[in-house]
Amino acid sequence: MIAAISLMRRRPDLTLAQFRKHWLDPHGVMTAELPGTRYYIQSHFIDGLGTNDLARRLKIDGMPELWYDSYAARKVAYSSPRIAECNIDSEQFVGEVTRLVTEPRVTKQASDNPKPVKVVMLATGKIDHDWAERAEQRC
């Protein structure tokens, strides 16, 4: 399983509400229809107690995730006519985007918590290849 993840900023001429509305519909509807997409998740960032200063300076408005069974399945989706439509539509609300592909690992499954919790870690600076293993050991 792989996940294509993006960090998005809205166009500077749009309010956060306008950005989110367009991202949900029509863009989210179009993206969810990409062939072979296992999961499509939109994470709408909020400025809360857990948001640190670096995150505020980055001014990220949201993080979409598209999960696929394999790189080959992602290639099918990203060469489809639907992705071409999504790319054109993105110009209507996305100002900047950073994309990466990850290999998601479930490190802990909640058994008695009715609300799922998702923690996303983004490492910046010098690459430390052991950080993921150390993070998993803490869970």
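In case you missed it, the structure is sitting above this.
Residues numbered from 1 in each chain as written. Predicted model: local features only at pLDDT ≥ 70, side-chain atom pairs only at ≥ 80, totals over all residues. Heavy atoms only, no water.

**A short note on the packing of helix H1 (residues 16-32) against helix H4 (residues 81-90)**
H4 packs onto H1 with a crossing angle of 165° between their chain directions and a minimal axis gap of 9 Å. With respect to each other, H1 and H4 are oriented roughly antiparallel. At the point where H1 passes H4, the crossing takes the left-handed sense. Packed against H1, whose contacting residues are His22, Pro26, His27, Met30 and Thr31, the element H4 presents Arg82, Glu85, Cys86, Asp89 and Ser90 at the interface. (Axes fitted to C-alpha atoms, helices over the stretch in contact; angles between N-to-C directions. Helix = DSSP H or I, 4+ residues; strand = E, 2+ residues; numbered from the N terminus. Parallel < 35°, antiparallel > 145°, perpendicular 65-115°, else oblique. Left-handed = near helix turned anticlockwise from the far one by under 90°. Contact = heavy atoms within 4.5 Å.)

**Looking at the layout of surface pockets**
The computed volume of the second largest pocket comes to approximately 260 Å³. If you trace the second largest pocket, you find 19 residues lining it, with Ser6, His27, Leu66, Ser90 and Arg99 closest to the centre. At four residues, H4 tops the list of elements feeding residues into the lining of the second largest pocket. (1 Å grid on protein atoms, 1.4 Å probe; cavity = no way out; pocket = protein on both sides within 12 Å on 5 of 7 lines; lining within 4 Å. Points joined across faces, edges and corners; volume = space filled by probe spheres on them.)

**Digging into the sheet that holds strand S1 (residues 2-10)**
One open sheet accounts for four strands, arranged S2-S3-S1-S4; its pairing is antiparallel. This sheet does not close on itself; its edge strands, each paired only once, are strand S2 (39-44) and strand S4 (94-102). Taken pair by pair, the neighbouring strands of this sheet meet at an average axis angle of 15°, ignoring direction. With eight bridges connecting them, S1 and S4 associate as antiparallel partners. The residue bridging Leu7 from the neighbouring strand is Thr98, located in S4. Sheet contacts for H1: S1, S2 and strand S3 (62-68); angle to S2, the most-contacted strand, approximately 180°. (Pairing = 2+ DSSP bridges.)

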